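# Survey of secondary and tertiary structure
Spelled out from the first residue to the last, the chains are:
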Amino acid sequence: WSVENTDYYRPLYHHTPSYGWMNDANGMVYKDGEYHLYFQYNPYGSKWGNMHWGHAVSTDLMHWKELQPAIARDTMGHIFSGSSVVDKNNTAGYGNGAIIALYTSASDKNGQIQCMAYSTDNGRTFTKYEGNPVLRPFDGLKDFRDPKVFWYEPAKAWYMIVSADKEMRFYKSDDLKKWTYISGFGRGYGMQPCQYECPDFVQLPVNGDKNNMKYVMLMNVNPGCLFGGSATEYFVGDFDGKNFTCVDDPHVPKWLDYGKDHYATVCFSNTGDRVIALPWMSNWQYANVTPIKQYRGANGLPRELSLYTKDGRYYVAANVAPEVKAIRKETKTVEDIKTGASVDKKGVAAGYDGAFEIEFDVTPAADGTAGIEVYNDKGEKTMIYFDLKQMRVVMDRTQSGLTDFGNLAEPHDIEKKADAARQSKGQQPMRIENAVNYKNDFALGTWAPLNLCEDKTYHVDVFVDKCSVELFVDGGRIAMTNLVFPTKPYDSVKFYSEGGKSAFSQIKVYKLGM
Ligand code: FRU
């Protein structure tokens, strides 16, 4: 089914469909040694429309085999995002181990309603339940979608969390067909203005202590996010089978990733103690106009989530999954840099076709700046730097390559209003100052606060592919994902520091490939 690639920007080691449009990774489930990746898919073209669930499988989270779409659009509407579970105890009646998918059927005529489909051939094909829909909004809500189902052991029942415009709703079921409303959460909290999409609800040990578990509610928010457009927010708290209670101030948003291109992020189900998330690497502001033709949309690297505390608050770290190490093809060691001088490793990634990883520890000078420029010989560069004066890490893509795709989809007055509201509360927009530009939001840089980290030596892991840069600091305490479109592959890395002597050590550059 694969086609020969004709897109220059097609990533070398990130998942993409061979042909057609892709948004949200959804319905992901692990069963019998296989990771199933379903995704919002238009098989007929490279813009959003005709939504199906596309399907790919992998045994290692990195090498994906494309299969036929698993759930096709029908007369009820588009097949929007959802989730799947392994029905080990045959609660739905399709046999032990059937994969049960819950998705949103969306059309102008029927609105957004939740439907069910089951697979008895390991997720290859699904049969839609004849009693669909299984759930309608009780209040006629227009935006009611993206059901995520999970097993809640204390009640020995299935629960569903579904986004309902400005809140999330919990439902409960014994058989995955009949759902009862339990409670709502989120109204007035977190990022405002907002519309929640693609929720998830997972349990994680606090600082690795399995006797102290908390729930994390992931929700994806669009538009009007800190960096413009779409982003992934989360709340940490407790769940008693009825209500979710946030442990920190729910009005203060927390971000799973501080880049512009990390959205609709949800986790695989049935992965035991591991919580593995997958982001769609784009932003609704410009997702339909990126300079790609044959396909459009890539997924970010898989992340493994963990929970840590800092200054009495709870945060999620989203670190790149260890499976990624398996695609390192070649290692180059760069000597430590202690003098504060800039060291230009020109050509260090030559011949890597723009697909490599840079790993190092950096101790920026007190009040100074230390960072890297990943660049090509056309002067196109993405900069990542630690600014200790402002205690933040920045990724600047204003000079990264192509940045202007014209007709950005998102109404920019929403973005402006959101920024104005934040500033009136004394909050700063997360866009880097020199790049606030509502006309061409693609070119912005993003930043994250360094007070999420513990000490002043930062462990940095950067993944560069044909059209993306992903940054992970200190095991994912900060993650930052941005698309970039250099017109020639980046092949060089410059390490630099300003305002004092910064130190870089343990520097490695890995060629990445499949
Ligand atoms: C999120 C989203 C979902 C919806 C899907 C439609 O990106 O808007 O809420 O189910 O995309 O493709």
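Please read these numbers as outputs of a predicted model, since none were measured by experiment.

What follows is about the site of the ligand. Residues in contact with the ligand, as listed here, are Asn23, Asp24, Gln40, Trp48, Phe80, Ser81, Arg145, Asp146, Glu197, Cys198, Tyr263 and Trp284. Between the ligand and Asp24 there is a distance of 2.7 Å, counted from an oxygen atom to a side-chain nitrogen or oxygen. Contact between the ligand and Arg145: an oxygen atom at 2.6 Å from a side-chain N or O atom of the residue. Computed on the free molecule, the ligand has an accessible area of 320 Å², of which 95% lies beneath the protein chains in the complex. For the shell around the ligand, the secondary structure elements donating two or more residues are strand E1 (20-31), strand E5 (78-87), strand E9 (144-152) and strand E13 (196-206).

This part is about the packing of aromatic side chains. What the rule picks out here adds up to 41 aromatic pairs. Ring geometry for Phe138 and Tyr181: centres 4.9 Å apart, planes at 70°, overall edge-to-face. Residue Phe138 is located in the loop between strand E8 (127-128) and E9, and its partner Tyr181 is located in strand E12 (residues 180-185); the two are separated by 43 residues in the primary sequence. According to the relative accessible area criterion, Phe138 is exposed, its value standing at 51%. Through a chain of ring-to-ring contacts, three or more aromatic side chains come together here, namely Phe150, Tyr152, Tyr159, Phe170, Phe185, Tyr189, Phe201, Tyr215, Phe235, Phe239 and Phe244. In this structure, Lys254 is placed above the aromatic ring of Tyr315, and the distance from its NZ or CZ to the ring centre is 5.2 Å. Directly above the ring of Trp447 sits Arg392, whose terminal nitrogen or CZ lies 5.0 Å from the centroid.

This paragraph deals with the pairing of strand E4 (residues 65-71). Two strands pair when backbone bridges link them, and strand E3 (residues 52-58) and E4 are joined in this way by four bridges, in the antiparallel orientation. Paired with Val57 across the bridge in E4 is Lys65. Once E3 ends, the chain turns through six residues before running back antiparallel as E4, passing Leu61 with a positive phi of about 70°.

Attention now goes to the sheet that holds strand E20 (residues 295-296). The five strands are arranged E4-E3-E2-E1-E20 in an open sheet whose pairing can be described as mixed. What marks the edges here is a single partner per strand, and that holds for E4 and E20.

Side chains of nonpolar character tend, in soluble globular proteins, to be buried together. Core analysis: the biggest nonpolar cluster contains 84 residues, and Met217, Leu305, Phe356 and Ile358 have the highest contact counts within it. At six residues, the largest contribution of residues to this core is made by strand E14 (residues 209-221). The contacts of Met217, once residues within four sequence positions are left out, are Ile161, Met168, Phe170, Phe185, Asp200, Phe201, Glu233, Tyr234, Phe235 and Phe244.

As a further point, take the pairing of strand E21 (residues 303-310). Pairing of strand E19 (residues 276-280) with E21, which is carried by two bridges, proceeds in the antiparallel orientation. Counterpart to Ala277 in the pairing with E21 is Arg303. In this antiparallel pair of consecutive strands, E21 and strand E22 (residues 313-320), the connection spans two residues, and Asp311 shows a positive phi of 50°.

On to the sheet that holds strand E27 (residues 381-387). On the basis of which strands lie adjacent, the open sheet formed by six strands has the order E24-E33-E26-E27-E28-E29 and antiparallel pairing. Edge strands, defined here as strands with exactly one partner in the open sheet, are strand E24 (343-345) and strand E29 (446-449). Going across the sheet, the axis of each strand differs from the next one's by a mean of 15°, ignoring polarity.

So, about the environment of Tyr308. Tracing the chain through its elements places Tyr308 in strand E21. With relative accessibility at 5%, the residue Tyr308 sits in the buried group. For the pair formed by Tyr308 and Lys128, sequence separation is 180 residues and the distance between their alpha carbons is 41 Å. Residues within four places of Tyr308 in sequence aside, it is in contact with Asn207, Arg313, Tyr314, Tyr315, Val316, Ala317, Leu452 and Arg477. Looking at Tyr308, its side chain comes within polar contact range of the main-chain oxygen of Leu452, at 3.4 Å.

Parameters at a glance
- Residues numbered from 1 in each chain as written.
- Predicted model: local features only at pLDDT ≥ 70, side-chain atom pairs only at ≥ 80, totals over all residues.
- Heavy atoms only, no water.
- Near = heavy atom within 4 Å.
- Polar contact = N/O pair within 3.5 Å; in protein donor to acceptor, adjacent residues only side chain to side chain.
- Areas by Shrake-Rupley, 256 points an atom, 1.4 Å probe, with all protein chains shown as cover.
- Helix = DSSP H or I, 4+ residues; strand = E, 2+ residues; numbered from the N terminus.
- Phe/Tyr/Trp six-rings, centres within 6.5 Å; stacked < 30°, edge-to-face > 60°.
- Buried < 20%, exposed > 50% of the residue type's maximum accessible area, 1.4 Å probe, protein only.
- Lys NZ or Arg CZ within 6 Å of the ring centre and 35° of its normal.
- Pairing = 2+ DSSP bridges.
- Core = buried A, V, L, I, M, F, W, Y, C linked by side-chain atoms within 4.5 Å.
- Contact = heavy atoms within 4.5 Å.
- Axes fitted to C-alpha atoms, helices over the stretch in contact; angles between N-to-C directions.

What is shown is where atoms sit, not what they do.
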